[in-house]
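Residue-level listing of the chains:
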Amino acid sequence: KGVSSWSPCTTSKMRILVIPALLALFASEANAFHTAPGATLPFAARGHGIAASTSRTLPRGGAARSSSGGGFLSTISLAAKKGEGAPAAQPVVTDSDENFTTPPAMEMTGAIPPKWHLDTPQAERPNIPVCFEDVCKAGQRIRGAVKYTACVKNPEISEITGCEVYFKHEYKQFTGSFKERGARNALISLDARQKEVGVIAASAGNHALGLAYHGKLLGIPVTVIMPKTAPLTKINKCRKLGANVVLFGAHIGEAKDHALADPKFQGLQYINGYDDPAIVAGAGTIGLEILEQIPDVDAIIVPVGGAGLIAGISLAVKSVSPSVFVIGVEPERCASYTEALRAGKPTGVAVAPTLADGLAVPTVGPHAFEVARHFVDSVHLTSEKQVALAVLRLVEHEKAVVE
């Protein structure tokens, strides 16, 4: 699982696709980015604030690969400043938005729980709960109802980084995020009876909007349990879209417990916003679009929160083009995926306030993690300064304001 020595390709620029979110990858400030030990850069970026290290073993579970066409194996690390080394292990959360205790089976009188809430022994679960065929089916289900978003090269950021950098404009979906893909796929996947009864979800924003919007289009009743701290604008938008909005709890964990335990929600199918297999498959359709739009893409950089997005994209991309690198980026103040890799399973982490609040999920989804760990090449951390710089660079060079 090591990396043999090779020489960087200097005859052409690499093409890198970025999912626009709070990714602090392409800030132009000098010395803004550094690589951690054991990582190398996937492009020639000398003189652009990105420091390369020698090629060593990659810190991931899968085997390292080099391209057969003379390209070179590499990853990007935003994990640490020079000399600081890897970040310290995160402590386990005891009381957080996602690291909560699901009501016992005898108390589950509310919504129909997802599969991972059942008392199924770990050994009986499939190794990968979502397959490539699921992504293909999702693509057919959502076709024509979810935007096939643009994937556009940005000249300024490409010049800064020395790469050909493209941005996938998922923020231009009707509700403002990629969440629509999984939401519609999950709704269409329901059987006829469940479509009549309806669905329920705990969400503070984008997942709730995606379900509300497509539930209205499909005629499926949608109930969303939103914490009392949810943004008022998103609460009002969900109601305007016809969803039954219930405000409960101080955080998403309490809202989720309420959905599963309250008997008045009995019969409603619970849809997890980042770990339901249909949600992961829906997110994977982004990967299929990327390969159609940029057939010779070298690397795809994806933000990581609950890991549903990167699980779907990596599954789709690696199934078609194994040589493409899929690189995750998450805020260092909520490094739940990094901690899951270290522990070998989803593990709660302490969450500090972060600008990347949409990625602040204390525990990655178990289904999403099982998929992502097989396909994602590496995951790296960003500081708050890098996140802020990324927002600024996107405003300056992409004319986009994104979460």
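Please refer to the structure placed before this passage.
A brief report on the enclosed structure follows. In this text, all values refer to a predicted model and were calculated from it rather than measured experimentally. (Residues numbered from 1 in each chain as written. Predicted model: local features only at pLDDT ≥ 70, side-chain atom pairs only at ≥ 80, totals over all residues. Heavy atoms only, no water.)

### Examining the nonpolar core
Note the following rule: As used in this record, nonpolar core signifies buried Ala, Val, Leu, Ile, Met, Phe, Trp, Tyr and Cys residues forming a set joined through side-chain atoms within 4.5 Å. Each residue is placed in one exposure class: buried if its accessible area under a 1.4 Å probe, protein chains only, is under 20% of its type's maximum, exposed if it is over 50%, and partly exposed if it falls in between. Counting from the N terminus, the helices are DSSP H or I runs at least four residues long and the strands are E runs at least two residues long. The contact criterion used is simple: two residues touch if any of their non-hydrogen atoms lie within 4.5 Å.
If you look at the biggest cluster of nonpolar residues, it comprises 38 residues, and the most contacted ones within it are L17, I300 and Y337. Of all the elements in the fold, those that place two or more residues in this core are α1 (132-142), α8 (277-293), β8 (299-303), α9 (308-320), α10 (336-343) and α11 (366-375). Counting residues per element, this core draws most heavily on α9, which supplies seven residues. For Y337, the contacting residues outside a window of four places in its chain are V304, A307, E330, V364, F369, A372, R373, V376 and V379. Ranked by size, the runner-up nonpolar core spans 24 residues in total, among them A230, C238, V245 and I271.

### Details of the environment of G267
Tracing the chain through its elements places G267 in the loop between α7 (252-261) and β7 (269-270). In sequence terms G267 and Q194 are 73 residues apart; their C-alpha atoms lie 8.2 Å from each other.

### Overview of the packing of α1 against helix α3 (residues 179-188)
Between two packed helices, the angle of one axis relative to the other and the distance separating the axes together describe the packing. The cut-off we apply is this: Axis angles are defined between N-to-C directions and span 0 to 180 degrees, where every axis is a line fitted to C-alpha atoms and, for a helix, only to the segment in contact. To sort the angles, those under 35 degrees are grouped as roughly parallel, those over 145 as roughly antiparallel, those from 65 to 115 as roughly perpendicular, and the leftovers as oblique. Residue polarity follows a fixed list, in which Ala, Val, Leu, Ile, Met, Phe, Trp, Tyr, Cys and Pro are nonpolar, Asp, Glu, Lys and Arg are charged, and the others, Gly among them, are polar.
Two elements in contact, α1 and α3, have axes whose closest approach is 9 Å; the angle formed by their N-to-C orientations is 90°. The orientation of α1 relative to α3 falls into the category roughly perpendicular. Here A138, R141 and I142 of α1 come into contact with α3, specifically with R181, R184, N185 and I188. Within the contact of α1 with α3, the residues separate by chemical class into three nonpolar, one polar and three charged.

### Re the pattern of salt bridges
The criterion, for reference: Take a side-chain nitrogen of Lys or Arg and a carboxyl oxygen of Asp or Glu: if they are within 4 Å of each other, that pair is a salt bridge.
Taken as a whole, this structure holds seven salt bridges when the rule is applied. A salt bridge links R393 to E396, with the shortest nitrogen-to-oxygen separation between them at 3.3 Å. Here E396 and R393 lie together in helix α12 (residues 384-398), a separation of three residues that amounts to about one turn. What makes R393 buried here is its relative accessible area of 9%. E396 sits in the partly exposed class, given a relative accessible area of 35%. Via salt bridges that share partners, K168, E170, R181 and E289 belong to a single interconnected network.

### Structural notes on the pairing of strand β6 (residues 244-247)
One face of the sheet, then the other: side chains in a regular strand alternate in exactly this way. Using the following cut-off: Strands are labelled as partners when DSSP assigns at least two bridges between them. Here is how to tell: hold the view so the strands point away, follow the path from the first strand over the helix to the second, and if it runs clockwise the crossover is right-handed.
Relative to β6, strand β5 (residues 222-226) runs parallel, the two sharing four bridges. Within β6, the position partnered with I225 by the bridge is V246. Taken together, β5, helix α6 (residues 232-240) and β6 constitute a β-α-β crossover, and its handedness is right-handed.

### Some points on the environment of G219
Note on placement: G219 falls in the loop between α5 (206-218) and β5. For the pair G219 and E196, spaced 23 residues apart in sequence, the C-alpha to C-alpha distance is 8.3 Å.

### Re the sheet that holds β7
Across the sheet, which stays open at both edges, the four strands sit in the order β6-β5-β4-β7 with parallel pairing between neighbours. Unpaired on one side and paired on the other, β6 and β7 mark the two borders of the sheet. In this fold α5 packs onto β4 (199-202) and β5, with an angle of close to 165° to the strand it touches most, β5.

### Section: α10
Applicable threshold: Regarding the arc, it is the one traced by the directions from the helix axis to the C-beta atoms.
Listed as buried for α10 are S336, Y337, E339 and A340. In an axial view of α10, the angular spread of the buried residues amounts to 160°, which keeps them on one side of the axis. At its buried positions, α10 is contacted by β9 (325-331), α11 and β10 (378-382). Phi turns positive, to about 85°, at G344, one or two residues after α10.

### Some remarks on the packing of aromatic side chains
Quick note on the threshold: Here the aromatic set is Phe, Tyr and Trp, taking the six-membered ring for Trp, and pairing holds for ring centres within 6.5 Å; pairs whose planes are under 30 degrees apart are stacked, those over 60 apart are edge-to-face, and all others are tilted. Counted as over-ring charges are cases with an Arg CZ or a Lys NZ within 6 Å of the ring centre that also lie within 35 degrees of the ring normal.
Following the criterion strictly, the structure yields two aromatic pairs and no others. Relative to Y213, the ring of F174 has its centre 4.2 Å away and its plane inclined at 15°; by these criteria the two rings are stacked. With F174 in the loop between β3 (164-168) and α3 and Y213 in helix α5, this residue pair connects regions lying 39 residues apart in the sequence. Residue F174 is classed as exposed on the basis of its relative accessible area, which comes to 54%. With 5.7 Å between their ring centres and 70° between their planes, Y337 and F369 make a pair best called edge-to-face. With Y337 in helix α10 and F369 in helix α11, this pair connects stretches of sequence that are 32 residues apart. Across the ring face of Y148, the terminal group of K168 is positioned such that the distance to the ring centre comes to 5.2 Å.

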